[in-house]
Amino acid sequence: MPLPDACTGCSASWSALGFVPPAPPSGRPRLVVWGEAPGDDAVHVGRGFVGRSGRRLRGILRGAGLDPGWVEREGYREGEVCYRNVVLCRRPGNSFPDDEVATDCLRRHQADFVAQDDHPWLVAGANAVQALLDTPGTPILRLRGSVLPRRSGPSWGTATIHPAFLLHGKEEAEKSQVHLTPLLVQDAARAVARRSRA
């Protein structure tokens, strides 16, 4: 999808390879999951979280007792989860822009949602955590599972690793599946449980 007029003036727009609009809120979701940026599959389909990482993520959410919905090339079904990306354009080499551009993208496209949303957040990936949560820059593997205040206001979000981390390199992925997948399930369950106690 071409970039909308709202992207005019963004310093990242000249190199963007496509745009994926934010997903509408899913009724009253039990969880909002934030990723970093759309992947190649998302740009071709026009819908986020349709690639390998998105499918892996939905399996993790299912393991945490959530209905993750159905987000595929052929269609979309709402579940108990709302999916969002911090940056809405695909970047060359799947790079993530600097903090200023990420913040600008949120302001241009999702400011009302970020400010008003009171659902629990699960924030996946170091770049998304840095953009959305108040963190001192601690490495994500040490930070995952932490409940941190949001930059946008008085609420909070749970930091976790990006599901793509489970998919890189056969040997590394096999080890990651064993050791890290249960941790992502714990992180998602912790986010939802915290809301239920609130």
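Before any of the text, the structure's been laid out above.
For the structure given in this document, a descriptive report is provided here. One numbering rule holds for all chains: residues counted from 1, following each sequence as written. Totals for whole chains, interfaces and linings use every residue, but because this is a predicted model, local features are given only for residues with pLDDT of at least 70 and side-chain atom pairs only at 80 or more, for both listing and counting. Excluding hydrogens and water, the side-chain values take into account all heavy atoms of the structure.

1. Topic: the overall build of the protein
Short version of the rule: Strands are runs of DSSP state E lasting at least 2 residues, helices are runs of H or I lasting at least 4, and numbering of each runs from the N terminus. Residue burial is assigned from relative accessible area. The probe radius is 1.4 Å, only protein chains are included, and a residue is buried under 20% of its type maximum, exposed over 50%, and partly exposed in between. Two residues form a contact once any of their heavy atoms are found within 4.5 Å. Every accessible area reported is derived by Shrake-Rupley at a probe size of 1.4 Å, with residue values counting cover from the shown protein chains alone.
A tally of helices and strands in the protein yields 7 helices and 7 strands. For the protein, the proportion of its 198 residues judged to be buried stands at 48%. Considering only contacts within the protein whose residues lie at least 6 apart along the sequence, 64% involve residues at least 24 apart. For the protein, the exposed area adds up to about 9600 Å²; of that, 52% sits on carbon and sulfur atoms.

2. Digging into the pattern of salt bridges
Counted only if it meets this: Any Lys or Arg side-chain nitrogen found within 4 Å of a carboxyl oxygen on Asp or Glu counts as a salt bridge.
Following the criterion strictly, the structure yields 5 salt bridges and no others. The partner of Glu-80 in a salt bridge is Arg-30, with the nearest N and O atoms 3.4 Å apart. Here the residue Glu-80 occupies a position in the loop between β3 (75-77) and β4 (81-85), and Arg-30 occupies one in the segment before β1 (31-35), the gap between them amounting to 50 residues. Taking the relative accessible area as the measure of exposure, Glu-80 reaches 26% and is therefore partly exposed. A single network of salt bridges, built from pairs that share partners, joins Asp-104, Arg-107 and Arg-108.

3. Concerning the pairing of β1
For clarity, the threshold we go by: Pairing between strands is defined by DSSP: at least two bridges between the two strands are required.
Across the 5 residues that make up β1, a large majority, 5, are buried. Residues Leu-31, Val-33 and Gly-35 of β1 are buried on one face, and the alternating residues Val-32 and Trp-34, pointing to the opposite face, are buried as well. Summarising the sheet, β1 and β4 pair through 5 bridges and their orientation is parallel. Residue pairing across strands places Trp-34 opposite Arg-84, the latter belonging to β4. Pairing analysis gives 3 bridges linking β1 to strand β5 (residues 121-124), with the strands arranged parallel. By the bridge assignment for β5, Val-32 is matched with Trp-121.

4. Details of the environment of Gly-145
One can find Gly-145 in the loop between α5 (140-143) and β6 (147-149). Excluding residues that lie within four positions of it along the chain, Gly-145 makes contacts with Thr-158, Ala-159, Asp-187 and Arg-190.

5. What about the pairing of β5?
Of the two faces of β5, both are covered, the one formed by Trp-121 and Val-123 as well as the one formed by Leu-122 and Ala-124. In terms of strand pairing, β5 meets strand β7 (residues 156-160) through 4 bridges, oriented parallel. Of the residues in β7, the one forming a bridge with Val-123 is Ala-159.

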